Amino acid sequence: MRKLRSRQRIDTHVNERRTSKRSLGRWVYLLMLVAMGVGILDYAWGDQVMLRAPGLVLQERIDIEAQYVGRLDEMPLRIGQSVHEGDMLGVVSSVEISERLAQLSLRIAELTREALAKQQELRVAQDLLPIARIRVQEAREVKTNIKQLAGKGLASADRVLEALTESNSAEEMLIRLEAQIAGHPATEEALRPAIERVREAFADLNRLYDHGVLRAPVGGTIDSVLPARGDVFLTGDKILSLYTGPRYVLAYLPSHHLFPVEVGEAVTLSSGQQTLGGRVVEVLQVTDKLPDEFQNTFQPTQRNQLARITIEDGGTFPLHTKVRVTRPYATLDRVVAAAGKVWRLATAVFHQDAQAYEQEGKKNGRPETRG
């Protein structure tokens, strides 16, 4: 006969030892919680510890403005084109300036003609002066003779009147010629400055107009906004912009920060595709509103202090590029230094408390504790 298998009793409980197994999912869950907590702390207070300031790559801008009312006839430039000082930027025609130049030219001709006429009158007066003097002398002699004959009754009254009229006319002509010759230097002195002023005005306006050619005052790069051919500009309107000089980063520093930014400090500039070194050259004592691309939709409008940062490492960024200013190593060093100061302060306070406790124990007769 085959032996039957023994069965355990129902009321008997056997303790089974459970093996301790570490679940990988538990560690993943804990790491996710830690990462989430660090992320929340970084979002709430990270900017107060780590410098992460937004910035824009800028360059000195020069606006080319219209000096007169005109129409743009030529625009041979391209967006971002590099130009040198004196290069042609465009041609602007102005009917107003052309009419003004014509009026000044006509005025110069009139004043010049008037000066020439005065000189001609002077030469004529100088030529007539000897004749006038002889005529006056002869008229005086005739008048004297007529008066003598009239006294003897040999000359009629009409003849005497005619001699007096001739003598007075000769005297008047002589006076006019002498006055004209004497006053010519004053007239010439008055005309000369007037002619010079009109000529200077004509030269300045002609130099300003330069046949409507706009020239670059300095070398640089053309802005991304260009006018179209045929546009009309009033006096003072901006035609285009020119960027010149070295590029720099205008950083918007956070308003609350444990470690303030100092002049001369080295920072890191990152645009996402390129990372370069920079150095803070100036912390401006002025605040400005963050550009729209840096504003947070869920926060009120912010105003941050400005700082000027030069770009080093021999590279540069495209103009108007958004960059992030950081200093990871410098911040870590400052955190370690601050923690060291706190530790030294706590250690000093602990030693002071321990010494005070021992002194108090000696006074009260407590045994000295060692350990």
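Residues numbered from 1 in each chain as written. Predicted model: local features only at pLDDT ≥ 70, side-chain atom pairs only at ≥ 80, totals over all residues. Heavy atoms only, no water.

Focus on the overall build of the chain
Here comes step 1: Secondary structure summary: the chain contains four helices and twelve strands in total.
Here comes step 2: Across the chain, contacts joining residues at least 24 apart in sequence account for 78% of those joining residues at least 6 apart.
Here comes step 3: For the chain, the exposed area adds up to about 26900 Å²; of that, 55% sits on carbon and sulfur atoms. (Helix = DSSP H or I, 4+ residues; strand = E, 2+ residues; numbered from the N terminus. Contact = heavy atoms within 4.5 Å. Areas by Shrake-Rupley, 256 points an atom, 1.4 Å probe, with all protein chains shown as cover.)

Re helix α3 (residues 157-209)
Here comes step 1: The end-to-end C-alpha separation of α3 is 73 Å, in line with the 78 Å expected for 53 residues at 1.5 Å each.
Here comes step 2: Along α3, the helix axis deviates most sharply at G183, where the bend reaches about 40 degrees; the proline P185 sits within four residues downstream. (Expected span 1.5 Å × (residues − 1). Bend = angle between axes of the 7 residues up to and from the residue.)

Remarks on the packing of helix α2 (residues 95-151) against α3
Here comes step 1: The interhelical angle for the contact between α2 and α3, taken along N-to-C directions, is 165 degrees, at an axis separation of 6 Å. As far as their axial angle goes, α3 and α2 are roughly antiparallel. For the element pair α2 and α3, the recorded crossing hand is left-handed. (Axes fitted to C-alpha atoms, helices over the stretch in contact; angles between N-to-C directions. Parallel < 35°, antiparallel > 145°, perpendicular 65-115°, else oblique. Left-handed = near helix turned anticlockwise from the far one by under 90°.)

Some words on the pattern of salt bridges
Here comes step 1: Under the criterion given, the structure shown has twelve salt bridges.
Here comes step 2: A salt bridge links E166 to R135, with the shortest nitrogen-to-oxygen separation between them at 3.1 Å. Placement of the pair is E166 in helix α3 and R135 in helix α2, with a sequence separation of 31 residues.
Here comes step 3: Salt bridges sharing partners connect three or more residues here, namely E188, E189 and R192. (Salt bridge = Lys/Arg side-chain N within 4 Å of Asp/Glu carboxyl O.)

A short note on the environment of T310
Here comes step 1: By the element assignment, T310 lies in strand β11 (residues 303-311).
Here comes step 2: By relative accessible area, which is 29% here, T310 ends up partly exposed.
Here comes step 3: It is 6.3 Å that separates the C-alpha atoms of T310 and V249, two residues lying 61 residues apart in sequence.
Here comes step 4: For T310, the residues in contact, after removing those within four places along its chain, are L269, G277, G278, R279 and V281. (Buried < 20%, exposed > 50% of the residue type's maximum accessible area, 1.4 Å probe, protein only.)

Comments concerning the pairing of strand β2 (residues 70-74)
Here comes step 1: Strand direction decides the pairing type here: β2 and strand β7 (residues 232-233), joined by two bridges, are antiparallel. Opposite G70, over in β7, you have F233 as the bridge partner.
Here comes step 2: The pairing of β2 with strand β4 (residues 88-93) spans three bridges and is antiparallel. When the bridges of β4 are listed, E74 appears paired with V91. (Pairing = 2+ DSSP bridges.)

A look at the sheet that holds strand β5 (residues 213-215)
Here comes step 1: The sheet built from four strands is open, its strands ordered β5-β4-β2-β7 with antiparallel pairing. For this open sheet the edge positions go to β5 and β7, each flanked by a neighbour on one side alone.

Points about the packing of aromatic side chains
Here comes step 1: Applying the stated criterion to the full structure yields two aromatic pairs.
Here comes step 2: Between Y68 and Y209, the aromatic rings sit 5.5 Å apart at their centres with planes inclined by 65 degrees, giving edge-to-face as the arrangement. Here Y209 lies in helix α3 and Y68 lies in the loop between β1 (52-65) and β2, a separation of 141 residues in the sequence. Of the two residues, Y68 and Y209, both sit in the buried class.
Here comes step 3: Note on Y252 and F294: the rings are 6.4 Å apart at their centroids and 55 degrees apart in plane angle, and the pair reads as tilted. Here the residue Y252 occupies a position in strand β8 (residues 238-253), and F294 occupies one in the loop between β10 (275-289) and β11, the gap between them amounting to 42 residues. The exposure classification of Y252 matches that of F294, with both residues buried.
Here comes step 4: When the ring centre of Y248 is taken as reference, the NZ or CZ atom of R308 above it lies at 3.7 Å. (Phe/Tyr/Trp six-rings, centres within 6.5 Å; stacked < 30°, edge-to-face > 60°. Lys NZ or Arg CZ within 6 Å of the ring centre and 35° of its normal.)

Observations regarding α2
Here comes step 1: An ideal rise of 1.5 Å per residue puts 84 Å on 57 residues; α2 measures up with 78 Å between its terminal C-alpha atoms.
Here comes step 2: Maximum bend of α2: about 35 degrees, positioned at L129, with proline P130 one to four residues after it.

A short note on the pairing of β4
Here comes step 1: Judged from the three bridges that link them, β4 and β5 form a sheet pairing that is antiparallel. The residue bridging M88 from the neighbouring strand is R215, located in β5.

A word on the environment of R308
Here comes step 1: In this fold, R308 is placed in strand β11.
Here comes step 2: Looking at R308, the relative accessible area reads 33%, which means it is partly exposed.
Here comes step 3: Separated by 59 residues in sequence, R308 and V249 place their C-alpha atoms 6.0 Å apart.
Here comes step 4: Those residues in contact with R308 that sit more than four places away from it in its chain are Y248, V249, R279, V280, V281 and E282.

Scope: geometric values only; no functional claims are made or implied.
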